[in-house]
Amino acid sequence: MSASGNQRSRPSPSRWSKRRTRWLIVAVLLALAIVPEFFVTHYAHFESLGIELDARFGFYAWYSFFACGAMIAIAKLLGIFLKRRDSYYDE
Amino acid sequence: MQLDGFMLPPGLILILGAFILPQVEGRVRHALLLALPLLTLLMVWLIPHGSHLTLGLMEYELEPLRSSAEGRLFATVFAVAAFAGGWYALNKATLLELSAAFFYAGSAIGVTFAGDLITLFIYWELMALGSTLVLWANGKQNPRAYPASMRYLLVHLCGGVVLMAGIAGHVYATGSIAFSSMTMTDGLAKWLILAGFLVNVGAPPLSAWIADAYPEASPSGMVFLSAFTTKTAVFVLIVGFPGTEILIYIGLYMVFYGIVYGLLENNLRRLMAYSIVSQVGFMVTAVGIGTELALNGAAAHAFAHIIYKALLLMSAGSVLLMTGKRHCTDLGGLFKHMPITAIAGITGALAISAFPFTSGFVTKSLETAAAYQFAATASDPMLLVWVWFLLTAASAGSFLYVGLKFPWFVFFNKDAGLRPTDPAPHMQYAMWFFAFLCIALGVFPEALYAILPYQNDLLAQPKSYQQYTASHLLSQFQLLLFAGLAFFALLPLLKQTLTISLDVDWIYRRLFKVLGQEFTFKVGDLGGKTEAKIHGRIKRLIAHMHGPSGPRIHWPSGFMVLWVAVLLVGALGLYYLR
Amino acid sequence: MSMHLPALQVIIPLLLAAVIFLFNNARIAYIVSVAASWLCLAIAIQLLLLVNDGSVIEYAFGGWEPPWGIAYNVDQLNAFVLVIVSGIAAIMFPFSWRSIQAEIPASLHVLFYTALLLCLAGLLGMTITGDAFNFFVLLEISSLATYTLISLGKDRRSLSAAFQYLIMGTIGGTFILLGVGLLYTLTGTLNMADLAERIGPLQASRTLQAAFAFLVVGIGLKLAMFPLHLWLPGAYATAPSVVSAFLAATATKVAVYALLRFMFGVFGADFAYGEMHVELMLVSLALVSVLFASLIALLQRGVKRMLAYSSLAQIGYMLLGIGLANVSGLTATLLHLFNHALMKGVLFLALAMVFYRTGGSSMRHMSGLGRQMPWTMAAFVVGGLSLIGVPLTVGFISKWYLILASIERGWWPVTAVILVASLIAVMYIWRVVEVAYFKERPADLPTVSEAPLSLLLPTWTLVAANIYFGINASVTTGIAQNVAQTLLGGVQ
């Protein structure tokens, strides 16, 4: 049905190696994004309120990942109730 | 050069242009399409700040030509959007759409120069009319455009009615029609005006009209539609309701509403419509924060958003135009075949995701900065903490549901076997132009900052809006890259389906219909014959009462006389009993 | 001469009606009628200028002082209405010639102009007279002329419509006569000014209350107050176009004036509001009428019937203004007398031009006309915008005051009804615009050309007035506010 789904269900050997390279590149990129964290100091935006979460190590990385994961999960969940065939209103 | 003697509201150039366009053909029309917005832009900048024209109406003084910093900023980007939209549409769009779009753009610019509520209301309604016609102009190509345009018009006319009631009440309470900040006033009228504005901004519960109507327009039509209505509403909120706390909640709702519905959406341009709601939610939240930095942020974000959203829609529109496909599920692997469209789409996607060195980065961060800038001294600091964390999450989310989803499913992913080419040259030029602006604003944000409404803040505290610090760049890269990780890691969950998502518009698109059917169904239970009889009788009754033809269109005289008697006896009886 | 102006105002059209009937030549009848209408307008304007400082001209017919003779009293209120009626006549009479060629058999043209002048004389007389019985007589003159005018239509149904109107009109007239009779038995006078004085001490009298009820219901019938409106759509829809235009713009206005005159000039605001609480009846009926008539208008396929129902809604606005019982409300009513005459005048005249060219005025006949009759349809659009109440047209001015009045009263639901009805007006005007501008002309209908100048010119005069008085409303609002304050004098 979906293009991405098909790709996943029938992976050919050459695709496997392609995907491995792709993930490798991603991993390197992510590592590159984390490394400078050792040299750059983030300052806490709400220091005066005693909130220093956003100055912790790698905050933006994990916060972004989990926020996106949560949003996708919520969307999936709502989708169960909200999704209809796209001809729904034409009937 | 000063134009003291001869000044007209700049919006009129485009509005009059809308009526000139049908009178000319070919090259002259093309020239006008490009020249009139530029002429408007020139006028916008030649008019010095202040009110220059008064018209007496009843005991009030209309100010149709009040130039302000906020107004000029929005008028500038509106003129630019009309220019690029016209370029993109050039000879692809129908004449009706072009005229309507110019009328629409002119009215939007009229709002930005409105010094009083009545002028504002006039242009507000003209905008509703112009935008409806833009939708309507696509009726021949897309049979769904006409009903969508009528639903759209209905929502906006209802909003207009609420606005009018509010204006009347406000004028009655204050005696002034001036359009200025209403945060100090109180009473029902103020909230009615706010409600009227919020309808156009796409606020809940009526957010659905954007995704319902806009995607039914033509490729160029949606470029026009995305630019004006919601952003004009942001403008009036900036002027009228800065710092109104409820806007924070409304804005945050819009932000996440757009993301969630966007994630579920399969139709490309409807995805873009949801992302309009989400992005405008950022601006509404900023208006709710209401500090000078926040208002600057809202204005700057609106400016940048009009450009990158138009760019995204040009790209999505080109795909639709060249392939005839509008769903993620039907597309894929187009990068090789439509490289320029792809570059435009990716640039727009990066800008909307606030990628460093794009216009989104230098404008959205003003809004997040506004959340923490005065948090310590705010009346409700924890609220602002929440705002900051949520907006930061939403920034990552923007990358997820537009920034990655759109290019990935259209230009990469699996090849869907389509072999289109890039669209006509003028459409490519328009895309190059806006792609250039997206990057240029990101690299040289000073040009945009210089025309923001509140310069004091910018000059006094340069630190608070410093974009390109190592910390900021790093955190933004991390934010985006890990959003990307989430996207690819959870790709199976994002499998696109050929569906739509229910929204509040279900009430007026489905519920009313179902209720009607329910009623007929029950009648049907009585058996075919009875049903036919009842139907016939109802039909005859209607025909009898108000029918267009038929021998007896009049009520029987006896019936009329009966009413006379009823009324007289009623009146006499009432007086007698008293 | 100038001291006889009040008499001339009525006598000129009345006498000339007889004259043209004797000459029995259609063209002469037309020219004389137009001249008469212009003369009437000149007199009315002169009268308005004379009383604009708030003074009152009293004119005793034949030198017989009231209460024995008939008196004509001119004040700002009725001078204003005189200008409306004669102004509309001065625009529509020149229009009529071409229009009736297409709609009325040539043999009846003289009769048409005779009836038209009689109708004008009656309407002007009802407005100017200060004598309650004379009011009834002139009402009957104008009504009889109206029945004739309606029945002249080529549409066969116009006969039955006219007959029905005759029945209802006669009942209304009878009620008014009964009311006047009751007043006479109570006070022994028919002069309105005297009546007002003598009624003062009789507030609790049952007879007085009955007289009030009869008069309100009787006049209510004439002005098509809901639910006494049923005669109006048929009559307006089947009458010759120019007659519909003239009646829609003037007849109901004079009836509203009569209601105002009896309520405030005879019974007094204290009695009407304080004792009889007429505002409750007016507001509730007006609200129903505004909503109901607007919705029904939306369902019509004949544009003329649609406009007729819209007129009912507009009458609802006027009654609403009276019912709100404050200066803004009455100002809105008075303004709407003037403004509605302008907007409905334009709409009906535009429709008359469509009929002139296409031979019909249904939605079908109007499809695709935007390009073929651009000036006609543009006039219709301006009239429609005015009807909706778009700013910079007259419609906005009166609606604005009405909304202010409802807010002043704190009646937000009333505000809501007014605005919702405007919304419905948008929809029914839109239906016509859509058909005219965005639909192709059906293949079986002939291509038509723009209406002749002799029809366009009067129409566009009214269009210009719609916009002029929408932007420069100081003259009309000034008069309306003055009058409203005078009328409500004691109550506020």
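Residues numbered from 1 in each chain as written. Chains lettered and ligands numbered in written order. Predicted model: local features only at pLDDT ≥ 70, side-chain atom pairs only at ≥ 80, totals over all residues. Heavy atoms only, no water.

1. Structural notes on the interface of chain C and chain B
Next up, step 1: Opposite the 53 residues of chain C that make contact, chain B presents 52 residues.
Next up, step 2: Here chain C and chain B share an interface that buries about 4900 Å² over both sides, 77% of which is from carbon and sulfur atoms.
Next up, step 3: Together, C:Leu230, C:Trp400 and C:Trp430 form the three largest contributors to the area buried by chain C at its contact with chain B, with a combined 14%.
Next up, step 4: Scanning the region where chain C abuts chain B turns up 2 residue pairs in polar contact (both at pLDDT 80 or more).
Next up, step 5: In terms of residue count, helix α19 (residues 412-438) of chain C provides more of the side of chain C that touches chain B than any other element does, 9 residues in total.
Next up, step 6: Each residue belonging to the side of chain C that touches chain B can be placed in one class, and the counts come to 38 nonpolar, 8 polar and 7 charged. (Contact = heavy atoms within 4.5 Å. Buried area = accessible area lost by both parts, 1.4 Å probe. Polar contact = N/O pair within 3.5 Å; in protein donor to acceptor, adjacent residues only side chain to side chain. Helix = DSSP H or I, 4+ residues; strand = E, 2+ residues; numbered from the N terminus. Nonpolar A, V, L, I, M, F, W, Y, C, P; charged D, E, K, R; others polar.)

2. Looking at the domain arrangement of chain B
Next up, step 1: For chain B, the domain assignment lists domain 1 (11-494) and domain 2 (524-577).
Next up, step 2: Spacing between the C-alpha centres of domain 1 of chain B and domain 2 of chain B amounts to 52 Å. (Domains from an automatic or database assignment.)

3. Comments concerning the arrangement of the chains
Next up, step 1: The interface with the highest contact count, out of 2 pairs of chains in contact, is the one between chains A and B.
Next up, step 2: Across the gap from chain A to chain C, with no contact made, the nearest C-alpha atoms are 23 Å apart.

4. Things to note about the confidence of the model for chain A
All names here are of chain A.
Next up, step 1: Averaged over every residue, the pLDDT of chain A is 78; residues scoring 70 or more account for 81%.
Next up, step 2: The element-level mean pLDDT for chain A is lowest in helix α1 (residues 3-9), coming to 45, with helix α3 (residues 59-82) highest at 90.
Next up, step 3: A low-confidence stretch, residues 1-9 stays under pLDDT 50, and its non-local contacts, those more than four residues away or across chains, total 17 contacts. (pLDDT = per-residue confidence, 0-100.)

5. Things to note about the packing of helix α14 (residues 327-358) of chain C against helix α18 (residues 394-409) of chain C
All names here are of chain C.
Next up, step 1: Look at α14 against α18: their axes get within 8 Å of each other, and the N-to-C directions meet at 160°. For the element pair α14 / α18, the angle class is roughly antiparallel. As α14 packs across α18, the resulting crossing turns out to be left-handed. In this structure, α14 uses Ser328, Gly329, Thr331, Ala332, Leu335, His336, Asn339, Leu342 and Met343 to contact α18, whose residues at the interface are Val394, Gly395, Ile397, Ser398, Tyr401, Leu402, Ala405 and Glu408.
Next up, step 2: Taken together, the residues of the contact of α14 with α18 break down into 9 nonpolar, 7 polar and 1 charged. (Axes fitted to C-alpha atoms, helices over the stretch in contact; angles between N-to-C directions. Parallel < 35°, antiparallel > 145°, perpendicular 65-115°, else oblique. Left-handed = near helix turned anticlockwise from the far one by under 90°.)

6. Looking at the pairing of strand β2 (residues 71-74) of chain C
All names here are of chain C.
Next up, step 1: A two-sided burial pattern is seen for β2, the buried positions comprising Ala71 and Asn73 on one face and Tyr72 and Val74 on the other.
Next up, step 2: Relative to β2, strand β1 (residues 57-60) runs antiparallel, the two being bridged by 4 bridges. Bridging across to β2, Ala60 finds its partner in Ala71. (Buried < 20%, exposed > 50% of the residue type's maximum accessible area, 1.4 Å probe, protein only. Pairing = 2+ DSSP bridges.)

7. Details of the packing of aromatic side chains
Next up, step 1: For the structure shown, the criterion picks out 64 aromatic pairs over all chains.
Next up, step 2: Clustering of aromatic rings is evident, with ring pairs tying together A:Phe46, A:Phe59, A:Tyr60, A:Trp62, A:Tyr63, B:Trp388 and B:Phe389.
Next up, step 3: Taking the ring centre of C:Phe355 as reference, the NZ or CZ of C:Lys304 above it sits at 5.9 Å. (Phe/Tyr/Trp six-rings, centres within 6.5 Å; stacked < 30°, edge-to-face > 60°. Lys NZ or Arg CZ within 6 Å of the ring centre and 35° of its normal.)

8. Some details on the interface of chain A and chain B
Next up, step 1: On the chain B side, the residues contacting the 53 residues of chain A number 59 residues.
Next up, step 2: When chain A packs against chain B, the two sides together hide about 5300 Å² of surface, and 72% of this comes from carbon and sulfur.
Next up, step 3: The interface formed by chain A and chain B holds 0 salt bridges in total.
Next up, step 4: Summed over the shared surface of chain A and chain B, the number is 10 residue pairs in polar contact (both at pLDDT 80 or more).
Next up, step 5: Only α1, α2 (13-34), α3 and β1 (83-85) of chain A provide two or more residues apiece to the side of chain A that touches chain B.
Next up, step 6: For the side of chain A that touches chain B, the element with the highest residue contribution is α3(A), accounting for 18 residues.
Next up, step 7: Considered class by class, the residues forming the side of chain A that touches chain B number 31 nonpolar, 11 polar and 11 charged. (Salt bridge = Lys/Arg side-chain N within 4 Å of Asp/Glu carboxyl O.)

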